[in-house]
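# An overview of the molecular structure
Here is how the chains run, residue by residue.
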Amino acid sequence: MSVRVLPDFLVNQIAAGEVVERPASVVKELIENSLDAGADQIIIDVVDGGRTLISVMDNGSGMSRADLEKSITRHATSKLPDDDLLNINFMGFRGEALPSIASVSDMTIDTCNGSEENGWYLDCATGDIRPSDWETGTRIKVKNLFSKTPARLKFLRSDRAEMISVLDVVKRLAMARPDVGFVLNNKWRFPKNQDMAERIVAVMGDDVRGRMLEVNADSSANKLLRIRGFISEPTLRRASSVDQYLFVNGRPVKDKVLVGALRAAYMDVMHAREFPLCALYLDLEPRSVDVNVSPAKTEVHFLEPSHVRNFIVKNIRNVLAQPLKEKDSISSSIFSSALHSTSKSNFDASNRMQFPLPNRFAPDIAFMFKTAIKDGASGGQTEKIDLTVVCEDNKSETDLPLGRVIGQVGNKYILAQSGENLVIVDQHAAHERITYEKLRKYEIKVQPLLTPIVVNMRIEDVEAVLSIADEMKKSGVNIDSFGDDAIAIFEKPADWDLNWADLLHSIADEVREYGHSSQLCERLHLKLANYACHHSVRAGQKLDFNQMDTLLRDIEKTMRGAECNHGRPVYKMIPFIEIDSWFERV
Ligand code: ADP
Ligand code: MG
């Protein structure tokens with residue numbers, strides 16, 4: 001086979017694989033182009049999660065006929081005027097987006113730069129250009145995305161899930177540019193010329209009002225290194241990093257160094273599974289950061305990562321450590337009104353460790369068991385244990401592999417005799433095993449609600465929760481939308497009462513970030529583990545004969561009775577002949 005240069009349409013389709021992963025990436029590229037063109041009003045419309053139509057319209061500089069023609073050829077860009085890849089001041093610079101998107105969709109462009117006598121219309125599929133009466137800026141319409149590449153189409157998630165990603169992209173860019181107005185599907189509106197504080201409330205939701213702390217610091221070194229923005233006070237947190245907005249030189253990023261620094265800064269005041277909210281803008285010299293890492297450009301490389309990290313950790317900690325009075329004075333007007341209306345006296349520099357643990361922390365079951373043992377040892381729990389089954393005397397010895405109880409030693413071990421064996425059972429390990437098996441078989445009983453529980457949420461959170469409605473139903477929680485901005489719960493697991501608003505918000509946070517949520521499962525486990533704790537037999541506890549016998553009979557019924565769920569043995573059998581040998585009887 002001879003070597004050949006691939007035709008353009010194939011090269012573009014291959015590049016599209018990197019640049020255009022899903023509808024949200026198209027939206028990102030188009031909005032970035034609008035921002036680069038100096039627009040201050042951008043209107044975005046997305047139909048069927050972006051499958052059918054994505055339209056982005058701006059009031060930017062527009063294009064001349066010549067530029068319009070060039071814009072869809074590969075590596076054509078107006079944004080690297082001095083060929084300097086290390087000095088990038090625009091959002092895009094590869095000249096890849098338009099040709100890539102055009103190669104996997106039906107794309108058309110309306111544009112007008114105001115200095116030619118008319119505007120222009122380009123049909124990218126045919127290359128047809130004709131004069132039009134388009135008057136200002138540019139509108140790019142992307143129809144039938146991936147219809148030419150069915151393999152990619154298959155990888156798209158539900159319309160709802162794709163829409164959530166689109167919204168996330170719009171929010172990140174809206175946060176990058178509070179001066180620019182954005183409207184998405186006529187539903188989400190971020191008016192232009194907001195100050196940063198107003199934009200933060202518009203993007204993150206009303207619950208952040210009055211609870212964000214301002215950060216503003218310069219490095220003392222002579223090279224530019226500056227951080228500004230807002231971080232949440234530690235009582236305000238999410239179940240995922242959805243509301244962490246990070247920017248490097250104005251560009252939205254999801255960078256490991258920055259995320260790590262944020263986590264480190266909050267370490268003393270927030271559990272690792274909780275996420276602070278932030279809008280943080282890091283500015284440094286273009287030459288000390290490489291934004292050229294990936295086409296999607298959400299990762300960056302810092303020349304001196306540890307320097308950047310230390311700078312961020314130090315300055316966030318400074319803000320978190322400031323006494324409340326000072327925080328009040330630095331917060332901008334919109335925040336200060338409500339700031340600490342609920343004054344958190346348990347949070348200041350001197351007693352940070354007393355900060356309450358996040359209530360959403362869902363411990364694992366093993367942890368709960370260990371706590372139960374400790375509580376028991378220190379007399380923490382006084383509840384009486386109810387092990388009511390009485391031994392069934394009609395059973396013959398051979399039906400009882402663990403034999404008949406002889407007694408208890410050390411308030412820890414049960415001794416029994418089974419056939420020609422002495423049996424020693426660790427009472428706590430045995431009970432752990434039994435409880436674990438019970439938990440595994442737990443069946444959810446669903447209870448319909450006469451009056452549904454209604455939880456008000458932002459539109460995007462409603463969308464996020466609805467996208468896993470089927471999964472939730474399997475866990476006994478039956479929900480549906482209730483208008484645009486609320487969820488109604490129609491069925492719930494019987495005797496399961498919890499803070500439903502909190503649960504649904506946590507689910508929304510997780511779905512928006514990861515596409516799925518483990519919150520329901522975790523809460524279920526927590527409930528079961530709590531139940532198990534209250535019914536748990538502890539080491540150090542005196543048991544009567546009936547209780548011991550019940551324990552033994554239960555263990556016989558569990559499948560893997562020889563080991564507890566931590567892998568420790570539950571019982572030992574010592575044959576009499578072995579005991580005989582101790583006494584030199586054989
Ligand atoms: P890049 O943004 O990396 O330059 P693109 O393929 O995204 O590459 O865009 C190619 C060129 O098309 C841009 O450099 C710009 O000159 C022009 N262009 C694209 N979108 C717009 C827009 N909305 N307004 C004005 N010009 C645009
Ligand atoms: Mg671009």
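Our subject is the structure listed above.
Read on for a plain summary of the structure.

Okay, empty space enclosed by the protein next. Scanning the entire structure with this criterion turns up 3 cavities of 30 Å³ or more. Volume-wise, the largest cavity comes out at about 60 Å³. What lines the largest cavity is Ile-227, Leu-246, Leu-258, Leu-262, Leu-280, Leu-282, Ile-312 and Ile-316. Put simply, the parts of the chain that give the lining of the largest cavity at least two residues each are helix 8 (256–266), strand 15 (278–284) and helix 9 (305–321). Among the residues forming the lining of the largest cavity, the class breakdown is 8 nonpolar, no polar and no charged.

What follows covers the sheet that holds strand 6 (residues 137–143). Two orientations exist for strands paired in a sheet by backbone hydrogen bonds: parallel and antiparallel. Spatially, the 8 strands line up as an open sheet ordered 5-4-3-6-2-1-7-8, and their pairing is mixed. Edge positions in the sheet fall to strand 5 (128–132) and strand 8 (188–190), since each of these pairs with one other strand and no more. Pairs of neighbouring strands in the sheet enclose a mean axial angle of 10 degrees, with direction left out of account. Bridge analysis of strand 3 (residues 106–112) against strand 6 gives 7 bridges, and the strand direction is antiparallel.

What follows concerns the pairing of strand 19 (residues 413–418). Taking every second residue as pointing to the same face, the buried face of strand 19 carries Ile-414, Ala-416 and Ser-418, while none of Tyr-413, Leu-415 and Gln-417 on the other face is buried. Looking at chain direction, strand 18 (residues 404–409) and strand 19 are connected through 5 bridges and run antiparallel. The partner of Gly-407 across the bridge, within strand 19, is Leu-415. Sheet topology note: the strand 19/strand 20 (residues 421–426) ladder contains 6 bridges and is antiparallel.

This paragraph deals with the pattern of salt bridges. Any two side chains of opposite charge can pair, on the condition that their charged atoms come close. With the rule as written, the count across this model stands at 28 salt bridges. The salt bridge involving Arg-209 is made with Asp-206; its shortest N-O contact spans 3.2 Å. Classification of Arg-209 by relative accessible area gives partly exposed; the value is 35%. Measuring nitrogen to oxygen at the nearest pair gives 2.8 Å for the salt bridge that ties Asp-243 to Arg-238.

What follows is about the environment of Gln-447. Residue position: Gln-447 is located in strand 21 (residues 446–456). Taking relative accessible area as the criterion, Gln-447 reaches 31% and is therefore assigned partly exposed. In this structure the C-alpha to C-alpha distance between Gln-447 and Pro-493, which are 46 residues apart in sequence, comes to 5.7 Å.

Right, let's get into the packing of helix 8 against helix 9. Between helix 8 and helix 9, the least distance of the axes is 8 Å, while the angle of their chain directions is 35 degrees. The interaxial crossing formed by helix 8 with helix 9 has right-handed handedness. Residues Val-257, Leu-258, Gly-260, Ala-261, Leu-262, Ala-264, Ala-265 and Tyr-266 of helix 8 form the contact with helix 9, whose own contacting residues are Pro-305, Val-308, Arg-309, Ile-312, Val-313, Ile-316, Arg-317 and Leu-320. For the contact of helix 8 with helix 9, a count of residues per class yields 13 nonpolar, 1 polar and 2 charged.

What follows is about the packing of aromatic side chains. To describe a pair of aromatic rings, one takes the distance between the centres and the angle between the planes. Under the definition given, this model contains 3 aromatic pairs. Summarising the aromatic geometry, the rings of Trp-582 and Phe-583 are spaced 6.5 Å apart at their centres and angled 55 degrees between planes, so their arrangement reads as tilted. One exposure class covers both Trp-582 and Phe-583, and it is exposed.

A word on the side chain of Ser-240. If you trace the backbone, Ser-240 turns up in the loop between strand 11 (237–238) and strand 12 (244–248). At 2.6 Å, the side chain of Ser-240 and the backbone oxygen of Asp-509 are in polar contact. Once you skip the residues sitting within four places of it in the chain, Ser-240 turns out to touch Phe-275, Asp-509, Glu-510, Glu-513 and Tyr-514.

A few words now on the pairing of strand 2 (residues 53–58). With 5 of 6 residues buried, strand 2 lies mostly within the body of the structure. Two strands pair when backbone bridges link them, and strand 1 (residues 41–47) and strand 2 are joined in this way by 6 bridges, in the antiparallel orientation. Residue pairing in the sheet places Val-46 in a bridge with Ile-54 of strand 2. Between strand 1 and strand 2, which pair antiparallel in sequence order, lie 5 residues; one of them, Asp-48, sits at a positive phi of approximately 55 degrees. With 6 bridges connecting them, strand 2 and strand 6 associate as antiparallel partners. Bridge pairing in strand 6 links Leu-53 to Lys-143.

Let us look at the packing of helix 2 (residues 23–36) against helix 6 (residues 159–176). It is the contact of helix 2 with helix 6, at a shortest axis distance of 8 Å, that shows an interaxial angle of 25 degrees. Between helix 2 and helix 6, the angle falls in the class roughly parallel. The interaxial crossing formed by helix 2 with helix 6 has right-handed handedness. Contact with helix 2, carried on its side by Pro-23, Ala-24, Val-27, Lys-28, Ile-31, Glu-32 and Leu-35, involves Glu-162, Ser-165, Val-166, Val-169, Val-170 and Leu-173 of helix 6 and no other residues of that element. Classifying every residue of the contact of helix 2 with helix 6 by side-chain character gives 9 nonpolar, 1 polar and 3 charged.

Another point: the sheet that holds strand 15. Strand order in the open sheet formed by 5 strands is 9-10-15-12-13, with mixed pairing between adjacent strands. Across the chains shown, the open sheet's two edge strands, defined by having one partner strand only, are strand 9 (212–218) and strand 13 (251–253). When strand polarity is set aside, the average angle formed by the axes of neighbouring strands in this sheet is 15 degrees. Strand direction decides the pairing type here: strand 12 and strand 13, joined by 3 bridges, are antiparallel.

Take the nonpolar core next. One finds Ile-31, Ile-44, Met-107, Ile-109 and Phe-182 to be the most contacted residues of the largest nonpolar core, which totals 63 residues. Sequence-distant contacts of Ile-109, that is, excluding residues within four places in its chain, are made with Met-63, Leu-68, Ser-71, Ile-72, Leu-98, Trp-120, Tyr-121, Leu-122, Cys-124, Thr-138, Arg-139 and Ile-140. Residues Val-215, Leu-246, Leu-258 and Leu-282 belong to the second largest nonpolar core, which totals 32 residues.

What counts as what
Residues numbered from 1 in each chain as written. Chains lettered and ligands numbered in written order. Predicted model: local features only at pLDDT ≥ 70, side-chain atom pairs only at ≥ 80, totals over all residues. Heavy atoms only, no water. 1 Å grid on protein atoms, 1.4 Å probe; cavity = no way out; pocket = protein on both sides within 12 Å on 5 of 7 lines; lining within 4 Å. Points joined across faces, edges and corners; volume = space filled by probe spheres on them. Helix = DSSP H or I, 4+ residues; strand = E, 2+ residues; numbered from the N terminus. Nonpolar A, V, L, I, M, F, W, Y, C, P; charged D, E, K, R; others polar. Pairing = 2+ DSSP bridges. Axes fitted to C-alpha atoms, helices over the stretch in contact; angles between N-to-C directions. Buried < 20%, exposed > 50% of the residue type's maximum accessible area, 1.4 Å probe, protein only. Salt bridge = Lys/Arg side-chain N within 4 Å of Asp/Glu carboxyl O. Left-handed = near helix turned anticlockwise from the far one by under 90°. Contact = heavy atoms within 4.5 Å. Phe/Tyr/Trp six-rings, centres within 6.5 Å; stacked < 30°, edge-to-face > 60°. Polar contact = N/O pair within 3.5 Å; in protein donor to acceptor, adjacent residues only side chain to side chain. Parallel < 35°, antiparallel > 145°, perpendicular 65-115°, else oblique. Core = buried A, V, L, I, M, F, W, Y, C linked by side-chain atoms within 4.5 Å.

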